[in-house]
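# Structure assessment
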Amino acid sequence: MKRKVISLLLAAAMTAGLLTGCGDSKSGNAGGDNGNATKIVIYAGGSSEFAWVKGSEESEVIDYIEQAYYEATGTLLDFEITFTGKDLGTQMTNAIAGGDQLDVAISHTRGGSGIDDVVVANDWFLDISEYLEDYGEDILANVGGDPINALTTSDDKVIGIPAVISPYKFGILVRKDWMEACGYTDDPEKAQTKFTDGANYKLVDNLETFEEMCLTMKGKYQLNHVITGAPWDLEKVLTLGAYGDSGYFTYTTRVNDDGNEQVVPGFVTEEYQKVLKKEYDWAKTGITSDEAEIILLEQGETNFVAGKTGVFVLDPTVQHLIKVSRRCKEVNESAEFTVLGALPETAGSTKKGFMKNTPATFAACILKTSQNAAEIIKFINWVYSSEDNYNLCRYGIEGKHWINNGDGTYSYPDESYVTNPPYSGILTLVENQNVSNLSYKGYSEEEKAWIDTAADPTNYIENDLINYMWPNPPTDIRNSYTQQKNTIYGRVSEAWSGRVDPSANFAADVSAYLLGGGNAYQEFLTQQYDLMKLRRSE
């Protein structure tokens, strides 16, 4: 990032301290006449677990926000929003190829056809560093440190506005009634009591016992598979942390033969071979589905709610787990649930951890083709300029769509809004918990305990490479690397589906990858990493 931006971040932070989903679109008409309005076209989407959902009163809220902004600034905006679902890349490609107006893309930042795979890979983003300097004082006051760093390239380009979200937010949702009916518990006290035939309940505090519980559930309830979750979800909360610090989609550092630190993809590490073997074994034995890689969020939720699985980790953020447990409870009043923390490999192991997310899990990127970058930054700066503005753009109209309880919590006038909110929150573009971080008042004591478990930093792997934006390598490196990476992905996919045991040939595949382009790619990543570290220290 430009040195001036860094200075402004510091100044803004000091000032703040002193002051104490699916093809749907919407176009607003603030002021009753959008003929003179500046139209802002937004595409929001990504893989199914990150897809925005249009609310039942979306248009009303957006009109209200447009009017509020007009009254505050005299500027008339007309937001046209397309919820692309998982087709973000395709729809953006078509729009750009057709010369259509497209100003902002909003998606997740790491993998899964999001910002890095679509916007950065195609070099569609506008460097907004100078716009932030000129128009984004309140934005800069609230995105400093890891969030803005995570969207800053090695040559100081800021690719978008980052979300600012707690990186500690995961859990493992389990049907507690099924767990206990099978003789297992997550309560250490209950584990001291009798189940049947003189045997105590078994405490599920490690992967070994967790596997036993899953297989017992599978037999008792005649399940096709036990866990609802994609392979990348498994690596977020189940299979990775007991063995290593980086999965298929993330990076880590290792000391090479010369004694120097080198950035490497997680899949080249010896620890990942253990992770992949575990994922193969689970798919082979029916703990996970052999089609887990292609399951969509909506179908996965439906399967769990219908009692087709007993463990749910599809988008394992604790708020989502609470939402799914409530849906399940609505159709099965006797259902009970618990949320597990991170699990070590065995009862005697200590290594464990969920995968910590970057605070910049999401980003809003202004595209190079946009003629409205200044107006977009000015609008978001207004959003961030007060909690009232932010809460309007995040939750909707106060008193109608949500209630501010004045104690740091919010509630809903209609409890159906918990699972079906009337507004998506799209006009904050991304969530920023530095501006406002209200908690939902309607959580039960049990649900609050789950949230506390998810927020415990000791449940997470430490890997600061999640906060780096990796650039595209030069063409010669990218071409050879991509070909070899596709081969690796094929092998990984075969293991995820239980088709091919990775212990037979995966190590050899990794060696071929390294010789075929992987080593050059890792050298490039390491150079970029060293450069970004140096610039962050300046």
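Residues numbered from 1 in each chain as written. Predicted model: local features only at pLDDT ≥ 70, side-chain atom pairs only at ≥ 80, totals over all residues. Heavy atoms only, no water.

## Description of the environment of L240
Tracing the backbone shows L240 in the loop between α10 (231–237) and β12 (251–255). With sequence-adjacent residues up to four places away left out, L240 is seen in contact with L234, E235, D245, S246, G247, V275, M355 and I461. (Helix = DSSP H or I, 4+ residues; strand = E, 2+ residues; numbered from the N terminus. Contact = heavy atoms within 4.5 Å.)

## Section: the side chain of N391
The residue N391 is located in helix α15 (residues 387–395) in this model. Discounting residues that sit within four places of it in the chain, N391 has contacts with G396, W402, N404, S436 and L438.

## Some points on the nonpolar core
Core analysis: the biggest nonpolar cluster contains 87 residues, and I172, F210, M213, I227, L238 and V311 have the highest contact counts within it. Examining the composition of this core, we find that eight residues originate from one element, helix α18 (residues 506–537), more than from any other. (Core = buried A, V, L, I, M, F, W, Y, C linked by side-chain atoms within 4.5 Å. Buried < 20%, exposed > 50% of the residue type's maximum accessible area, 1.4 Å probe, protein only.)

## Thoughts on the packing of aromatic side chains
Within this structure, the stated rule accounts for 34 aromatic pairs. With a centroid separation of 5.6 Å and 85° between ring planes, the pair formed by Y410 and Y412 is classed as edge-to-face. Its relative accessible area of 12% is what places Y410 among the buried residues. Looking at Y412, the relative accessible area reads 16%, which means it is buried. Among the aromatic residues, ring-to-ring pairing joins W232, Y248, F249, F267, Y481, Y489, W496, Y513 and Y521 into one connected group. (Phe/Tyr/Trp six-rings, centres within 6.5 Å; stacked < 30°, edge-to-face > 60°.)

## Thoughts on the sheet that holds strand β19 (residues 439–440)
Either a parallel or an antiparallel arrangement is found when strands of a sheet pair, and the pairing is made through backbone hydrogen bonds. If you walk across this open sheet you meet the three strands as β17-β18-β19, and the pairing is mixed. Edge strands, defined here as strands with exactly one partner in the open sheet, are β17 (403–404) and β19. Across two bridges, the pairing between strand β18 (residues 409–411) and β19 is parallel. From the neighbouring strand, Y410 faces β19, where its bridge partner is Y440. (Pairing = 2+ DSSP bridges.)

## Some words on the pairing of strand β3 (residues 77–85)
The element β3 is extensively covered by neighbouring structure, given that eight of its nine residues are classed as buried. Pairing between strand β2 (residues 38–45) and β3: eight bridges, direction parallel. Pairing of T38 across the sheet is with L77, part of β3.

## A few points about the pattern of salt bridges
The final tally for this structure, using the stated rule, is 21 salt bridges. Here D281 and K277 are joined by a salt bridge, their closest N and O atoms 3.0 Å apart. Of this pair, D281 and K277 both sit in helix α11 (residues 270–285), four residues apart, which is roughly one turn of that helix. Accessibility expressed as a relative area gives 28% for D281, which makes it partly exposed. In this structure K277 comes out as partly exposed when scored by relative accessible area, which is 26%. Three or more residues are tied together by salt bridges with common partners; here these are E57, E60 and K400. (Salt bridge = Lys/Arg side-chain N within 4 Å of Asp/Glu carboxyl O.)

## Things to note about unusual backbone geometry
The phi dihedral of Q222 is positive, around 55°, even though this residue is not glycine. On the secondary structure map, Q222 appears in the loop between α9 (207–220) and β11 (227–228). Using a relative accessible area of 68% as the deciding quantity, one classes Q222 as exposed. Not every positive phi belongs to a glycine, and L429 is a case in point at roughly 65°.

## A few points about helix α2 (residues 58–73)
The end-to-end C-alpha separation of α2 is 23 Å, in line with the 22 Å expected for 16 residues at 1.5 Å each. For α2, the full list of buried residues reads E58, V61, I62, I65, E66 and Y69. End-on view of α2: buried residues confined to an arc of 135°, all on one side of the axis. Count one or two residues on from α2 and you reach G74, which has phi positive near 80°. (Expected span 1.5 Å × (residues − 1). Arc of directions from axis to C-beta.)

Honestly, that's just the spatial picture; any functional story needs more than this.
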